[in-house]
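# Examining the three-dimensional arrangement
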There are 2 protein chains.
Amino acid sequence: MNQPLVSIDVVPFRYNRAADALEVILGRRQFEPSIGSLALPGVLLLAQERLGEAVGRALNTKAGLAPRDIATAGEVGVFDTPGRDPRGPTLSITRFAIIDTDTVGATAEAVPIAEVSGLPFDHDVIIAMAARRVYEKLFTDREVAEALLGPEFDTVHAFTAQQQLAAAAEPVGEPLSLANLARTLTNLGWVEATGELGASRGGRRPKVWRFTPSA
Amino acid sequence: MNQPLVSIDVVPFRYNRAADALEVILGRRQFEPSIGSLALPGVLLLAQERLGEAVGRALNTKAGLAPRDIATAGEVGVFDTPGRDPRGPTLSITRFAIIDTDTVGATAEAVPIAEVSGLPFDHDVIIAMAARRVYEKLFTDREVAEALLGPEFDTVHAFTAQQQLAAAAEPVGEPLSLANLARTLTNLGWVEATGELGASRGGRRPKVWRFTPSA
DNA sequence: TCAAAAGTGTTCGACCTACACCCATGC
DNA sequence: GCATGGGTGTAGGTCGAACACTTTTGA
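### Points about the overall build of chain A
Across its full length, chain A holds 5 helices and 10 strands. For 215 residues, the compact-globule estimate of 2.2 N^0.38 gives 17 Å, and the C-alpha radius of gyration of chain A, at 18 Å, lies within 12% of that figure. Principal-axis analysis of the C-alpha atoms gives chain A an extent of 60 × 35 × 30 Å. Residues classed as buried in chain A amount to 50% of the 215 residues present. In chain A, the share of contacts with a sequence separation of at least 24, taken over all contacts with a separation of at least 6, comes to 66%. A total of about 10200 Å² of accessible surface is found on chain A, and carbon and sulfur atoms cover 52% of it. Here chain A holds 21 positive side-chain charges and 26 negative ones, and the gap between their average locations is 3 Å.

### A closer look at the interface of chain A and chain B
Every contact between the two is made by 23 residues of chain A and, on the other side, 23 residues of chain B. Across the chain A to chain B interface the summed buried area is about 2100 Å²; carbon plus sulfur atoms make up 59%. Seen at the junction of chain A and chain B, the total is 2 salt bridges. A salt bridge links B:R50 to A:D80; the shortest N-O distance between them is 3.2 Å. Only strand 1 (5–16), strand 5 (70–79) and strand 6 (90–99) of chain A provide two or more residues apiece to the side of chain A that touches chain B. Counted by class, the side of chain A that touches chain B contains 14 nonpolar, 5 polar and 4 charged residues.

### A word on the protein's contact with DNA strand C
Around DNA strand C lies a shell of 18 residues, among which A:T155, A:V156, A:A179, A:R183 and A:K207 are the nearest. Close to the protein, within 4 Å, the atoms of DNA strand C are drawn from sugar and phosphate at a rate of 53%. Taking B:N180, its side chain carries an N or O atom lying 3.1 Å from a base nitrogen of DNA strand C.

### Brief notes about helix 3 (residues 142–149) of chain B
Residue and element names in this part refer to chain B. Taking burial as the measure, the 8 residues of helix 3 include 6 buried ones, the bulk of the element. Residues of helix 3 that are buried: R142, V144, A145, A147, L148 and L149. With a side-chain oxygen positioned 2.9 Å from the backbone nitrogen of E143, the residue opening helix 3 is D141. Just beyond helix 3, the residue with positive phi is G150, at close to 85°.

### With respect to the protein's contact with DNA strand D
Around DNA strand D sit 18 residues in total, of which A:R204, B:A179, B:R183, B:R204 and B:K207 are the nearest. When atoms of DNA strand D within 4 Å of the protein are split into backbone and base, the sugar-phosphate part holds 53%. B:G202 is positioned with one of its backbone polar atoms (N or O) 3.3 Å from a base oxygen of DNA strand D. Contact distances for DNA strand D include 2.7 Å between a base nitrogen and a side-chain N or O atom of B:R204. A breakdown of the residues in the surface near DNA strand D according to their chemical character gives 5 nonpolar, 6 polar and 7 charged.

### A look at the packing of aromatic side chains
Residue and element names in this part refer to chain B. Tallied over the full model, the rule gives 4 aromatic pairs over all chains. Here the aromatic rings of F153 and F211 are separated by 5.7 Å at their centres, their planes lie at 50°, and the arrangement is tilted. Taken together, the residues span a long stretch of sequence, with F153 in strand 8 (residues 152–154) and F211 in strand 10 (residues 207–211) at a distance of 58 residues. For the residue pair F153 and F211, the accessibility class agrees, reading buried in each case. Measuring from ring centre to ring centre gives 6.1 Å for W190 and F211, while their planes differ by 10°; the resulting arrangement is stacked. Of this pair, W190 sits in the loop between helix 5 (181–188) and strand 9 (191–197) while F211 sits in strand 10, and the two are 21 residues apart along the sequence. The class for W190 is buried, based on a relative accessible area of 15%.

Quick notes on the rules
- Residues numbered from 1 in each chain as written.
- Chains lettered and ligands numbered in written order.
- Predicted model: local features only at pLDDT ≥ 70, side-chain atom pairs only at ≥ 80, totals over all residues.
- Heavy atoms only, no water.
- Helix = DSSP H or I, 4+ residues; strand = E, 2+ residues; numbered from the N terminus.
- Rg over C-alpha atoms; globule rule 2.2 N^0.38 Å.
- Buried < 20%, exposed > 50% of the residue type's maximum accessible area, 1.4 Å probe, protein only.
- Contact = heavy atoms within 4.5 Å.
- Areas by Shrake-Rupley, 256 points an atom, 1.4 Å probe, with all protein chains shown as cover.
- Lys, Arg positive; Asp, Glu negative; His and termini not counted.
- Charge placed at Lys NZ, Arg CZ, Asp CG, Glu CD.
- Buried area = accessible area lost by both parts, 1.4 Å probe.
- Salt bridge = Lys/Arg side-chain N within 4 Å of Asp/Glu carboxyl O.
- Nonpolar A, V, L, I, M, F, W, Y, C, P; charged D, E, K, R; others polar.
- Near = heavy atom within 4 Å.
- Polar contact = N/O pair within 3.5 Å; in protein donor to acceptor, adjacent residues only side chain to side chain.
- Phe/Tyr/Trp six-rings, centres within 6.5 Å; stacked < 30°, edge-to-face > 60°.

No statement about biological role is implied by the geometric values presented.
Below is the structure:
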């Protein structure tokens, strides 16, 4: 049976609290085509492998991440754009992953999502769609929120994560105001204010939030 | 490279106005496994083929439908449940399709969605997820609505379509009241009342709606 | 004391739901 | 007429956006 090659491509997001920046972890390609360029971690799917395993293998071999660094993952879509890979017909099954570690592999790089562009294949499009998926889940899916923001986060962390996802998902994102965010978080039901305050960014210090114990 | 087989499975929906019923078009399997059973139309993907083409081929060879019978289609998901196919590791890329014809192939059957169950592989799960996708789009995506309900439809058509999709998507669907549906349709912005009335179902005749000219 | 930045009070409108009641139809 | 069933009026509640204003912070 003559079938297209099937690859799993992963969009690994990470929130860098020190820089208040949402980052995508890219790997430097070791083979042609586009050798030496940064690209999404991806591997060809093996016959006996589950999709989730392939995600782990892609992140491990292409970005130096361990399985336990993957806080959560989810579906993005399937891409079959013709000519997306000059080697021939390929199908890309795409997932997002949310990464919880500070160290990446030697051949990998964490790039602020605002600066990502010009990647090989159709990876720019894939990242935009992945950002949209995560954006939609950020304040609706506790698992995604907890994975991206960590057990404790302040209002500004949440705001910049939301804003940078929106900007990556749509070239023209709405402004999004921080003013109502504390209220929005309160109404979620699964985060609560700790009473502590986060680092000042030049003015009043933002509230710190934690996830409620009951999962 | 040892890769799993990749199949495209299609969930073809059709709204049967005469019976006020949402139907799924199933094909009778010509090969093992599960030879003779009804199942979703599906084919193994070919290397040089786009996903959309494979959808057309599946519907043509397994359900006797022509490409122009496909009013619209969309993404459902990717399934890799182990053991989903006894022949070995397979990956199922799934789409829904909305069909606009009254005639199906000799080896195919249009089954009311409420009566569908016990299909081979994981097709029951796939249909539930497809129903959820279409349900979400029914009153938000003009293309899906127009494909499913046709150029003109009455309030009861819209209501039963919505209700049967909800029931198929979740074992326990909310009641959903017809009372506000005429209002909801008016507020969509892309349908308008024609002024005509549809067939009576034992009481007052429902309004007939059409899609506004401006696409 | 001032500018910057975060939080709060308040209002507004969109929208969804529910429920009561009215209207049209077939028998 | 009367049961059946769709349509409409109206009220209540939720939700998010907006905007002005207050509070906290660093310089």
